[in-house]
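Here's the letter readout for the chains.
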Amino acid sequence: MAKRTITRRDFLKAASVAPLAASFVPALKSGTPGHPASGAEKARVVLVRDPGALRADGTPDPDVVRRMLDEAVSAITGETDALAGWKTFIRPEDIVGIKSNVWRFIPTTPEVEQVLKGRVMDTGVAEDRIGIDDRGVLRNPVFQQATALINARPARTHNWSGVGSLIKNYITFVPRPAEWHGDTCADLAKIWYLPEVKGKTRLNILSVLTPQFHGVGPHSFSKEYVWEYKGFIVSRDPVAADVIGLRILEAKRREFFGEDRPLQPTPHHVFLADTRHGLGVSSEDRIELVRIGWSENILI
Amino acid sequence: MAQDTTADAPDLAVLVPSDVSGWNATEVEVFDPETIFDYINGAGEVYRSYNFRRVLARRFEKPGAPDLVVDLFDMGSPVDALGVFTHDLEGEDASVGQGSTYKGGLLSFWKDRYFASIYAEAENEESRAAVLDLGRRIASAIPDEAPRPAIMDVLPEKGLDTATVRLFRTHHVLNYHFFVADGNLLDLGPDTSAVLGSYPDGLRILAIAYPSADAALEAFQKFREIYMPDASDAGIARTEDGRTTALRSSGRGLVVVFGAASESDAAERAAESLSNFERSGF
């Protein structure tokens, strides 16, 4: 392969996400609210897939989803008993907010939400101490008092931030989301350091049941660009999970378009979450990807 | 910024029929630049980048058929209507309005100061026909056609891939189509209009019209100092990949030629662009 020359455009693009940039925001390097790996430790990300994850009507099968998420939790925690694994994330005295995503074309889905709620209840949390919300989190009493958050949203391309990421899913925790859209959402990770969420996220679940790899039109949606991947990406580290999701979307774009077609705009907020804000791990040599289940057309 | 003539514009609802081919319209919703995010999330920034004023959203339902969704944007000016249309040019020409594309159940077109998107939640022969019929009826209801914005005539014609021409105002949209730099090195913004076009062998030309000659000169100096400090007196620099970048400005116009094969090619294309600026009245 011919050696590629680094142009000034490449340099200017790379400079915006380089580790050097992190040195300008030292205050944000502490706290690590996404529980990223530290030092030489790798961030573990579980990709679990099951060909039976979706029912004939395209909705998630709750029984299969529960089994998949249990397997992911076991793989993350090392607990062979899934419930014991869930209990490492959630304590009975917790007040738990399940941060969902209601985007009407590809939502988190009620089925996935209810499986998560059920598993939280299984750990001993009373039902009235569990909330599920997206755009109403700032007004939701459960989220206002939450001691623990579970972050669950679908993976998709986004025509302002590049991808709709786990990182971006917390944008509804700020009263004026538009104020965070600068430089195509470059600094979304700072939201994770606000008091409403800092240090509360126990688990991140990027749904790749039916991800979207390309968008068109005002809603940035077309069924043509959605496929049944039937999986979940699960991690303590939202950045590492988003990187894996991003790589799958990129691979699907290559497969579909027959060429390397970079996301527009660039999803640099995912990498800046690491290099500028210290939220998690974006370097793939520091991510341990654990694959579970169905491997056909896995793309990664 | 383009003059706000929203008060003089027709009511958007008047432009959208209440039924088409057995589909009946449901409720009307109208969003402005502050409320757009309630409707299309962060993607609303694209429309805000083009100074949009209002969008009317209306869903059409028919038993046993996929819903149709109309989004009719009052962009405030033909430049912004055409601009936002050029943001996404996937699809085939559908001969609706002053420019249109159709692909996979999605029709987009612009006419005068309006941009419309009509989407079938599932595409079949019937929904495709209804989408196109709805588009034609909305286009017909818009009384006037706008003259083609003069900035569209600035790019040199020879070799231009017309399907790649983008019209925009902000550096975010520039970077969306062709990354230049994270910072706004060219002082793009609501008062500027810019076009970007692709030519064979990876060459691109960016032409920007500023509100004043002083603004153009200031942007010229800033871009030259930061992006191409190694440029010759003629505003030409050889980049790391062996290609040539040329920067020129005159009056209210500024041109950047990226990725030319030679200095003479870059200089000629820049000169022709500036000549086109003058001929187009900038």
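In this report, we go over the structure that sits alongside the text. (Residues numbered from 1 in each chain as written. Chains lettered and ligands numbered in written order. Predicted model: local features only at pLDDT ≥ 70, side-chain atom pairs only at ≥ 80, totals over all residues. Heavy atoms only, no water.)

Moving on, we get to the overall build of chain A. Helices and strands together make up the secondary structure of chain A, namely eight helices and eight strands. A buried classification covers 59% of the 300 residues belonging to chain A. (Helix = DSSP H or I, 4+ residues; strand = E, 2+ residues; numbered from the N terminus. Buried < 20%, exposed > 50% of the residue type's maximum accessible area, 1.4 Å probe, protein only.)

One finds Leu186(B), Leu206(B) and Phe223(B) to be the most contacted residues of the largest nonpolar core, which totals 125 residues. At nine residues, the largest contribution of residues to this core is made by helix H7 (residues 238-257) of chain A. When residues no more than four places from it in sequence are discounted, the contact partners of Leu206(B) are Phe168(B), Leu174(B), Leu186(B), Ala194(B), Val195(B), Leu196(B), Leu254(B), Val255(B), Val256(B) and Phe258(B). Formed by 33 residues, the second largest nonpolar core is a distinct cluster that contains Leu54(A), Val64(A), Leu209(A) and Val290(A). (Core = buried A, V, L, I, M, F, W, Y, C linked by side-chain atoms within 4.5 Å. Contact = heavy atoms within 4.5 Å.)

Okay, the pairing of strand S6 (residues 201-212) of chain A next. Residues and elements named next belong to chain A. Within S6, eleven of the twelve residues are buried, which leaves the element mostly enclosed by the surrounding structure. Of the pairings in the sheet, the one linking strand S4 (residues 148-158) to S6 comprises seven bridges and is parallel in character. Within S6, the position partnered with arginine 156 by the bridge is glutamine 212. (Pairing = 2+ DSSP bridges.)

This part covers the pattern of salt bridges. A complete count under the given rule lists 32 salt bridges over all chains for this structure. Here Asp153(B) ties to Arg148(B) by a salt bridge, and the two come within 2.9 Å at their closest N and O atoms. You can call Asp153(B) partly exposed: its relative accessible area is 39%. Between Lys222(B) and Asp187(B) there is a salt bridge, with the nearest N and O atoms lying 2.8 Å from each other. Here Asp187(B) lies in the loop between helix H5 (171-177) and strand S9 (193-198) and Lys222(B) lies in helix H6 (residues 213-227), a separation of 35 residues in the sequence. When its relative accessible area of 31% is taken as the criterion, Lys222(B) is described as partly exposed. Given the relative accessible area of 27%, Asp187(B) is considered partly exposed. Taken together, the salt bridges that share partners define one network made up of Arg91(A), Glu93(A), Asp94(A) and Arg202(A). (Salt bridge = Lys/Arg side-chain N within 4 Å of Asp/Glu carboxyl O.)

Bringing helix H4 (residues 125-141) of chain B into the picture now. Residue and element names in this part refer to chain B. Between the first and last C-alpha of H4 there are 25 Å, a value that for 17 residues agrees with the 24 Å anticipated at 1.5 Å per step. Turning to H4, its buried residues are Ser127, Ala130, Val131, Leu132, Leu134, Gly135, Ile138 and Ala139. Residue asparagine 124 occupies the N-cap position of H4, its side-chain oxygen lying 3.0 Å from the main-chain nitrogen of glutamate 126. (Expected span 1.5 Å × (residues − 1). Polar contact = N/O pair within 3.5 Å; in protein donor to acceptor, adjacent residues only side chain to side chain.)

Moving on to helix H8 (residues 268-275) of chain A. Residue and element names in this part refer to chain A. With eight of eight residues buried, H8 is to be regarded as a mostly interior element. Turning to H8, its buried residues number three or more, namely His268, His269, Val270, Phe271, Leu272, Ala273, Asp274 and Thr275. Here the buried face of H8 lies against strand S5 (162-164), helix H6 (182-185) and H7.

Moving on: the interface of chain A and chain B. With 35 residues of chain A at the interface, the matching set in chain B holds 41 residues. Across the chain A/chain B interface, buried area totals approximately 3,300 Å², and carbon plus sulfur atoms make up 52% of it. Remark: the boundary between chain A and chain B carries zero salt bridges. Counting every contact that joins chain A to chain B gives eleven residue pairs in polar contact (both at pLDDT 80 or more). Elements that contribute at least two residues to the side of chain A that touches chain B include exactly helix H1 (8-15), S4 and H6 of chain A. Sort the elements by how many residues they give to the side of chain A that touches chain B and H1(A) lands first, with four residues. Among the residues making up the side of chain A that touches chain B, the classes are represented as eleven nonpolar, 14 polar and ten charged. (Buried area = accessible area lost by both parts, 1.4 Å probe. Nonpolar A, V, L, I, M, F, W, Y, C, P; charged D, E, K, R; others polar.)

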